[in-house]
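Overview (structure and organization)
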Amino acid sequence: GCMIGPPLGGVLFENFGFTLMFYGTGTLSFIFVSVSVLVLLPYKLSTDTMEDEGRQDYLLGLKLFGYFDLILLNIFILVGAISYNYFVPVLGPFMNKRHGMDSGTIGLIFLSGNTVYVLAAPIMGFVTTKVKLLTPFIIIGFIIQAVG
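These notes cover the structure that comes with them. Since we're looking at a predicted model, the values are computed, not measured. (Residues numbered from 1 in each chain as written. Predicted model: local features only at pLDDT ≥ 70, side-chain atom pairs only at ≥ 80, totals over all residues. Heavy atoms only, no water.)

Observations regarding the overall build of the protein chain
So the rule is basically this: Helix and strand definitions follow DSSP, with helices as H or I runs of at least four residues and strands as E runs of at least two, each counted in order from the N terminus. Classification of residues uses two cut-offs on accessible area relative to the type maximum, computed with a 1.4 Å probe and protein chains only: under 20% is buried, over 50% is exposed, and between them is partly exposed. Residue contacts are counted whenever heavy atoms from the two residues lie within 4.5 Å of one another. Under the convention used here, a 1.4 Å probe and the Shrake-Rupley method define accessible areas, while residue burial counts only the protein chains that appear.
Along the backbone of the protein chain there are six helices and zero strands. Helices (α) and strands (β) of the protein chain occur, in sequence order from the N terminus, as α-α-α-α-α-α. The proportion of buried residues among the 148 residues of the protein chain is 8%. A separation of at least 24 residues holds for 48% of the contacts in the protein chain among residues at least 6 apart in sequence. Accessible area for the protein chain stands at about 12,300 Å²; split by element, carbon and sulfur atoms hold 74% of it.

Pasting the structure below:
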């Protein structure tokens, strides 16, 4: 979705207007939710195991709120996501107005960040598994994310 979304959205906007993207997204969401419900419906557990497992999951979730490191990490990720999502609607019209780019080209520019992620994630996963130094890689990644 992140890979095909920006260029496809740009092409649809350029050729069919503003509303088709929302109609298409709503239709696809409805189809995927319907299929998910139909696929997951037969997998009902008995009510006794559901209540016990649900209570254990709930208590585990409450314990996670007690870790300061985890809360700080989630705040950093949230701020990064908000910062990126601020630039998506602002940068597109700026690039169109200032540099005369069409929506398809702007979508390809937004696609470049996702492409780097798709290419780098398996490589970094392989390297961290082989080197077995996960914590330093996580710290370096957070520093790069904070600077970026």
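Thoughts on a nonpolar patch on the surface
Our working definition: Here the term patch refers to residues with relative accessible area over 30% and no salt bridge, with like charges joined within 9 Å and nonpolar side chains (Val, Leu, Ile, Met, Phe, Trp, Tyr) within 5 Å. By definition here, a salt bridge exists when the distance from a side-chain nitrogen of Lys or Arg to a carboxyl oxygen of Asp or Glu is within 4 Å.
Taken together, Leu28, Phe30, Ile31, Phe32, Val35 and Val39 make up a surface patch of nonpolar side chains, about 620 Å² in accessible area. By secondary structure assignment, the location of Ile31 is in helix α2 (residues 19-40).

Section: helix α4 (residues 68-99)
In plain terms, the rule: Given the number of residues in a helix, its expected span is that number minus one, multiplied by 1.5 Å. A residue's bend is simply the angle between two axes: one fitted to the seven residues ending at it, one to the seven starting at it.
When the terminal C-alpha atoms of α4 are compared, their 45 Å separation across 32 residues agrees well with the 46 Å that a helix rising 1.5 Å per residue should span. Along α4, the sharpest change in direction is near 30° and occurs at Val90; proline Pro93 comes one to four residues later. Of the residues one or two after α4, Gly100 is the one with positive phi, at around 70°.

Side note on the packing of α4 against helix α5 (residues 103-131)
Our working definition: The angle between two axes is taken between their N-to-C directions and runs from 0 to 180 degrees, where each axis is a line fitted to C-alpha atoms and a helix contributes only its stretch in contact. Definitions for this section: a left-handed crossing has its near helix turned counterclockwise from the far helix by less than a right angle. A right-handed crossing has that turn clockwise. All amino acids are sorted into three groups, where Ala, Val, Leu, Ile, Met, Phe, Trp, Tyr, Cys and Pro are nonpolar, Asp, Glu, Lys and Arg are charged, and the leftover types, Gly among them, are polar.
Following both chains from N to C, one finds α4 and α5 inclined at 145°, their axes separated by 10 Å at the closest point. Taken as a pair, α4 and α5 cross one another with a handedness that is right-handed. The residues of α5 that touch α4, namely those facing Tyr84, Phe87, Val88, Leu91, Gly92, Met95 and Asn96, are Ile106, Ile109 and Phe110. Residues of the contact of α4 with α5, tallied by class, amount to eight nonpolar, two polar and no charged.

Considerations on the side chain of Thr128
By the secondary structure assignment, Thr128 is in helix α5. Take Thr128: its relative accessible area is 14%, and that puts it in the buried class. Beyond its immediate stretch of four places on either side in the chain, Thr128 contacts Leu133, Leu134 and Phe137.

Quick word on unusual backbone geometry
Phi at Lys132 is positive, roughly 60°, even though this residue is not glycine. In this fold, Lys132 is placed in the loop between α5 and α6 (134-147). When its relative accessible area of 68% is taken as the criterion, Lys132 is described as exposed.

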